[in-house]
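# Survey of secondary and tertiary structure
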Amino acid sequence: MNVASAEESTQPLRVVIGVGGGIAAYKAAHLVRYFTEQGHQVRVIPTRSALNFVGAATFEALSGQPVATEVFDAVDEVQHVRLGQEADLIVVAPATADLMARIAHGRADDLLTASCLVATCPVVLAPAMHTEMWENPATVDNVATLRRHGITVLEPAHGRLTGTDSGPGRLPEPEQIGQLALTVLGDRTAFSRDLEGKRVVISAGGTHEPLDPVRYLGNASSGRQGYALAEVAAQRGARVTLVVGVTENLPTPCGAEVVRVKTARQMQAAVMEHARTADVVVMAAAVADYRPAEVAESKMKKGSDADLTTVHLTENPDILAGVVEARSRGDVASTTKIVGFAAETGDAESTPLDFARKKLEKKGCDLLMCNAVGEGKVFGQPDSAGWILRPGGEVIEVPQGPKTRVAAAIWKAVCETN
Ligand code: CTP
């Protein structure tokens, strides 16, 4: 199958899932599920050590396919070249330090490494190991070699490892790995390392503006686009601060520092604090434009003397315009790039793009991502589409696709902005 079109295709993909010998091997079972539930054909190739953690029967039952480990298994089918040649995508999870070293050096001493060596499809490694191993210069060199060879090495998640220790080296959640791997399949440059060492601040989700201790005004933002931007930025090498309002329950993007807020004013304080040292600020959050002018200290009661049928509102600060203003004052570096979002429906006279052009001018940011919303589009959905606008009038069309792919298009445009 043509790899570039594989993700768009309704045809099942041939996915090889390689499993290294680490405790996180149990998560590979869920990864197999992630792909089979989407109708893809999965072949699991565990290493010998992986079978110490999860038995072949588990992978055979979940994939509905035989499981082999050695190059001398089913020799008549020439599996050691066939599986790698025929695959549309290879995902290795967990990729241990030893397995990455072997793939980096072109070894082919088991079925998995042999398959990686013959593959021309995207190969995505999801490392999992103790922090010391991940940060060891030998592993750092092997990761650099693998990336130079065109293999995608995902950033590990931060958090609890096998013992009591904690740090970078944790395997991301299976759904995250699956989504990231499909993003690479659709665009092999999605995780190019052009944000290496850059500091980025991204806001995500909606805000809740309280009326009383139990009620609030809110909106339907899921936070998915902001999370996807954080995930892709981290995979492109950035140091990410994600300022999160109210979202669906989403896995923490690998390596991101998460700052939790509820209201627009809390979000403004967090974004401004981190914008001072940022190379890029992206306002993907759906910030409430207004908040109740008065917040009752105790729960408002039906039938009380207070008029509960009218809510007086007061305007919230415009965070995006505030960051642009701070840049012109010199409180934010003049080199900091600022990206806004616009969710537009259009009306009888104007298209969503017309509204977006006006918004870009009004906000004064460097890029504006416009989504056409309404009728169940965009909000809470895994997919999105739209246009990236620049102040000079340039419009980059972003085709319908997963939000991680939209995020990759936005980061590409950011990196091409002077
Ligand atoms: N935004 C912000 N602070 C606000 C409102 C919006 O920073 N108080 C940011 C959003 O995060 C987004 C951009 O401004 O990046 C546009 O948001 P949107 O709600 O579409 O813009 P508004 O100026 O509120 O215009 P509209 O009247 O269309 O709602």
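Residues numbered from 1 in each chain as written. Predicted model: local features only at pLDDT ≥ 70, side-chain atom pairs only at ≥ 80, totals over all residues. Heavy atoms only, no water.

Going by what an unreviewed UniProt entry lists, the protein chain is known as Coenzyme A biosynthesis bifunctional protein CoaBC and is assigned to Corynebacterium macclintockiae.

## Let's talk about the overall build of the protein chain
Tallying secondary structure elements over the protein chain gives 14 helices and 19 strands in all. In terms of C-alpha radius of gyration, the protein chain reaches 24 Å, essentially the compact-globule figure of 22 Å for 418 residues. Taking the principal axes of the C-alpha coordinates as reference, the protein chain spans close to 80 × 50 × 45 Å. Across the 418 residues of the protein chain, 51% fall into the buried class. As displayed, the protein chain offers around 19,300 Å² of accessible surface, 49% of which is attributable to carbon and sulfur atoms. (Helix = DSSP H or I, 4+ residues; strand = E, 2+ residues; numbered from the N terminus. Rg over C-alpha atoms; globule rule 2.2 N^0.38 Å. Buried < 20%, exposed > 50% of the residue type's maximum accessible area, 1.4 Å probe, protein only. Areas by Shrake-Rupley, 256 points an atom, 1.4 Å probe, with all protein chains shown as cover.)

## With respect to the side chain of Asp 366
Along the chain, Asp 366 turns up in the loop between helix H13 (352-363) and strand S17 (367-372). Looking at Asp 366, its side chain comes within polar contact range of the side chain of Arg 327, at 2.8 Å. Polar side-chain contacts of Asp 366 include one of 2.8 Å to the backbone nitrogen of Ile 338. What Asp 366 contacts, discounting residues up to four positions off in sequence, is Arg 327, Thr 336, Lys 337, Ile 338, Leu 389, Arg 390, Pro 391 and Thr 417. (Polar contact = N/O pair within 3.5 Å; in protein donor to acceptor, adjacent residues only side chain to side chain. Contact = heavy atoms within 4.5 Å.)

## Things to note about helix H12 (residues 319-329)
All of the buried residues along H12 are Ile 319, Leu 320, Val 323, Val 324, Ala 326 and Arg 327. The arc that holds every buried residue of H12, seen down its axis, measures 160°, which confines them to one face. Every exposed residue of H12 that faces more than 90 degrees away from the buried side is listed here: Ser 328 and Arg 329. Where H12 begins, the capping side chain belongs to Asp 318, and its oxygen is found 3.2 Å from the backbone nitrogen of Leu 320. Backbone geometry just after H12 places Gly 330 at a positive phi near 95°. (Arc of directions from axis to C-beta.)

## So, the pattern of salt bridges
Applying the stated criterion to the full structure yields 23 salt bridges. For Asp 109, the salt bridge is made with Arg 102, and the minimal N-O distance between the two is 2.8 Å. The exposure class assigned to Asp 109 is partly exposed, which follows from its relative accessible area of 31%. One connected set of salt bridges, linked through shared partners, spans Asp 98, Arg 102, Arg 107, Asp 109 and Asp 110. (Salt bridge = Lys/Arg side-chain N within 4 Å of Asp/Glu carboxyl O.)

## Some details on the site of the ligand
Around the ligand sit 13 residues in total, of which Met 283, Ala 285, Leu 320, Lys 359 and Lys 363 are the nearest. Within the backbone of Ala 285, a nitrogen or oxygen atom sits 2.7 Å from an oxygen atom of the ligand. One of the side-chain nitrogen or oxygen atoms of Lys 363 is found 2.8 Å away from an oxygen atom of the ligand. For the ligand, the accessible surface in isolation is 560 Å², of which the surrounding protein chains cover 78%. Breaking the shell around the ligand down by element, the ones donating at least two residues are H12, strand S16 (337-344) and H13. The element contributing the most residues to the shell around the ligand is H13, with three residues. (Near = heavy atom within 4 Å.)

## Some remarks on the confidence of the model for the protein chain
Mean pLDDT for the protein chain: 93, with 97% of residues reaching 70 or above. The low-confidence segment residues 1-9 (pLDDT under 50) makes 20 contacts with residues lying over four places distant or belonging to another chain. (pLDDT = per-residue confidence, 0-100.)

## Observations regarding the packing of helix H5 (residues 97-104) against helix H8 (residues 137-148)
Between H5 and H8, the shortest axis-to-axis distance is 9 Å and the interhelical angle comes to 45°. Relative to H8, H5 is oriented oblique. For the pair H5 and H8, the crossing hand works out as left-handed. From H5, Ala 97, Met 100, Ala 101, Ile 103 and Ala 104 reach across to H8, where they touch Thr 139, Asn 142, Val 143, Thr 145 and Leu 146. (Axes fitted to C-alpha atoms, helices over the stretch in contact; angles between N-to-C directions. Parallel < 35°, antiparallel > 145°, perpendicular 65-115°, else oblique. Left-handed = near helix turned anticlockwise from the far one by under 90°.)

## Points about the sheet that holds strand S18 (residues 383-389)
Strands belonging to one sheet form pairs held by backbone hydrogen bonds; the direction of such a pair is parallel or antiparallel. Across the sheet, which stays open at both edges, the eight strands sit in the order S12-S11-S8-S13-S16-S17-S18-S19 with mixed pairing between neighbours. Either end of the sheet is taken by a strand with one partner, and the two such strands are strand S12 (257-260) and strand S19 (395-402). Each strand of the sheet is rotated relative to its neighbour by a mean of 20°, with strand direction disregarded. Sheet analysis places strand S13 (residues 280-283) next to S16, joined by four bridges and oriented parallel. Bridged to Val 281 within S16 is Ile 338. (Pairing = 2+ DSSP bridges.)

## Some remarks on the UniProt feature "binding site: CTP" (unreviewed entry) in the protein chain
According to UniProt, the positions carrying the feature "binding site: CTP" (unreviewed entry) are Asp 289, Lys 299, Pro 317, Asp 318, Ile 319, Leu 320, Phe 341, Lys 359 and Lys 363. The named residues occupy 75 residues along the chain; their greatest pairwise C-alpha distance, 37.7 Å, places them well apart from one another. Along the polypeptide, Ile 319 turns up in helix H12. Ignoring any residue separated from it by four or fewer positions in sequence, one finds Ile 319 in contact with Ala 264, Met 267, Gln 268, Val 271, Met 283 and Val 287. Mapped onto the fold, Lys 363 is located in helix H13. By relative accessible area, which is 16% here, Lys 363 ends up buried. If we ignore the near neighbours within four places in the chain, the residues touching Lys 363 are Asp 318, Leu 320, Ala 321 and Val 324. Within the local environment of Lys 363, its side chain forms a polar contact with the side chain of Asp 318, the two groups lying 2.7 Å apart. (UniProt positions renumbered as here; feature names shortened; annotations may be inferred.)

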